[in-house]
Amino acid sequence: MTRKYAVVILLLIGVVICYYYVTSLPRSTDIDPSVLVPIDHSDVQQSDQSSLLVTLNTGKNNAKLENHHCKEKSNFIFVKTHKTGTSTFVNVLYRFGWFRGLNFAVYPYTHQLFNIQPSRLMKVSQSLKPSKSSRYNIMCQHMVYDLELVNQIMPKDAMYFSLLRDPLKAFVSFFIFYNYDRRIQAKARNPISLEESIRTFLDNQIPSTLSDKFYVNSMFNSMSYDLGLGKGKVSLEDVNQFVGRLDKRFDYMMILEHFDESITLLADLMCWDIADVLYLNRMQSMKKERSREPLSAELEALLKRHLTPDYKLYDHFRDRLLSRFAQLPSSFKLKVEEFQEQRKQFEEKCIDSSISEPGVYNTLTHPLTAYGQENINCSLLHERDVTLTKLISLLQDPDSSRRKRERGTVAVKALHYADLAQIPRGEKLTS
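Residues numbered from 1 in each chain as written. Predicted model: local features only at pLDDT ≥ 70, side-chain atom pairs only at ≥ 80, totals over all residues. Heavy atoms only, no water.

Things to note about the sheet that holds strand β8 (residues 252-255)
In step 1: Sheet architecture is open: 4 strands sit in the order β3-β1-β5-β8, paired in parallel fashion. If you trace the sheet from one side to the other, it starts and ends with β3 (138-139) and β8, each paired once.
In step 2: Bridge count between strand β1 (residues 76-79) and strand β5 (residues 159-164): 4 bridges; the pairing is parallel. Looking at the pairing, F78 lines up with F161 of β5. (Pairing = 2+ DSSP bridges. Helix = DSSP H or I, 4+ residues; strand = E, 2+ residues; numbered from the N terminus.)

See below:
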């Protein structure tokens, strides 16, 4: 009898020990993201890199805002709109997929996915080749959104989200970035203001007879165009139906004017760690002062009239987002502030903001610090998104590049990142 009691007691002790062991293991949402990042294994480098990715999971604001128990989402479509800050943000998504070995739906021959004639869409979809399986996880390339085609390519459980910006600011940025302003100034006999330049452009582009229709193309209402409204003249009814369709299909719309709040909430919705969404302000416009020139109330009203589709889109989702923010607990504000502080420390370590160097498309870039050059996180987030698109395409399909010279250049970068991340080099990646 005594022996039976002893056996029972030992079994109970074993159960208790197993329970405490299991409950002490880190949960999926509490894992330090540094373990997901291939890093240099020397003590100094490892300590430094881990400190760069200190997360909020040990802080008082770690509780999930909308989903207290969730599983990390890795299937998603991010529609990359123009002149809305998406080039900064898409590098976050490339980095996220890179370290998890996820498949990207990238079209190897251009960084503009689906921005082609409908008759070629099926050919494009057949050209998307992931490396190891037929399953795609991420679509975040510049594209003109086509729901039917996306549904053919992406898994059914994929999250849909995008990024919008005040349409007037986006238009001015587009107007300057693509040199419309410079070309008009070059034809003028004397220096002209931004307002005069825009008025000249409108006089040449918009007929005075246009009344109850709105132009939609890559210049006018570019966000609506990217999100699939169509190209040409549209009515107000068309616009309202379009916004309604997006509202039903998209899980989330970020707003650039509330970017840090948007990205903090996105991390929560996707069950990602805050460290997964750190970003770098790696460049700025050389024409920043020009873009800040004030416009008259009359011209602003005229532009807003022409940009009605984009304003309908922007106002609807901005109001939805602000309403969502208002329903979150008070810890949300603290979580945003912690994210901003962590991002600031991350950026100061990665780039030298005291130095500005000429970049592409009338931009100035801040170079990487010596530390940033040896840190894979800094390097990936600092890279041009167009280069990362080509790099991902090459890694997934080494024969994808049409130009041997371009393939060689990208391959050299691939090997550089492989060295930084300590991942195996593919035989086909040599230049």
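Additional details are given in the paragraphs that follow.
Some remarks on the state of the cysteines
In step 1: A full pass over the atoms with the stated rule returns 2 disulfides.
In step 2: One disulfide bridge connects C350 with C378, the sulfur atoms lying 2.0 Å from each other. Negative torsions about the S-S bond denote left-handed disulfides, and the value of about -60° found for C350 with C378 makes this one left-handed. Taken together, the positions of C350 in helix α15 (residues 331-350) and C378 in helix α17 (residues 376-382) put the pair 28 residues apart, joining distant regions of the chain.
In step 3: By sequence-ordered numbering of the bonded cysteines, the chain has its disulfides arranged as 1-2, 3-4. (Disulfide = S-S within 2.5 Å.)

Here's the deal with the packing of helix α8 (residues 194-205) against helix α13 (residues 297-306)
In step 1: The geometry of α8 relative to α13 is characterised by a closest axis approach of 11 Å and an angle of 40° between their N-to-C directions. Judged by the angle between their axes, α8 and α13 are oblique. Considering only the axes of α8 and α13, their crossing is left-handed. For the pair α8 and α13, the contacting residues are E195, I198, R199 and L202 in the first and E298, L299, L302, L303 and H306 in the second.
In step 2: Among the residues forming the contact of α8 with α13, the class breakdown is 5 nonpolar, 1 polar and 3 charged. (Axes fitted to C-alpha atoms, helices over the stretch in contact; angles between N-to-C directions. Parallel < 35°, antiparallel > 145°, perpendicular 65-115°, else oblique. Left-handed = near helix turned anticlockwise from the far one by under 90°. Contact = heavy atoms within 4.5 Å. Nonpolar A, V, L, I, M, F, W, Y, C, P; charged D, E, K, R; others polar.)

Things to note about the pattern of salt bridges
In step 1: Taken as a whole and judged by the stated rule, the model has 13 salt bridges.
In step 2: Between E72 and R100 there is a salt bridge, with its nearest N and O atoms 3.0 Å apart. On the criterion of sequence distance, the pair formed by E72 in the loop between α2 (43-52) and β1 and R100 in the loop between α3 (86-98) and β2 (112-113) is long-range, its members being 28 residues apart.
In step 3: Among the salt bridges present, the one from K80 reaches D385, with a minimum N-O distance of 3.2 Å. (Salt bridge = Lys/Arg side-chain N within 4 Å of Asp/Glu carboxyl O.)

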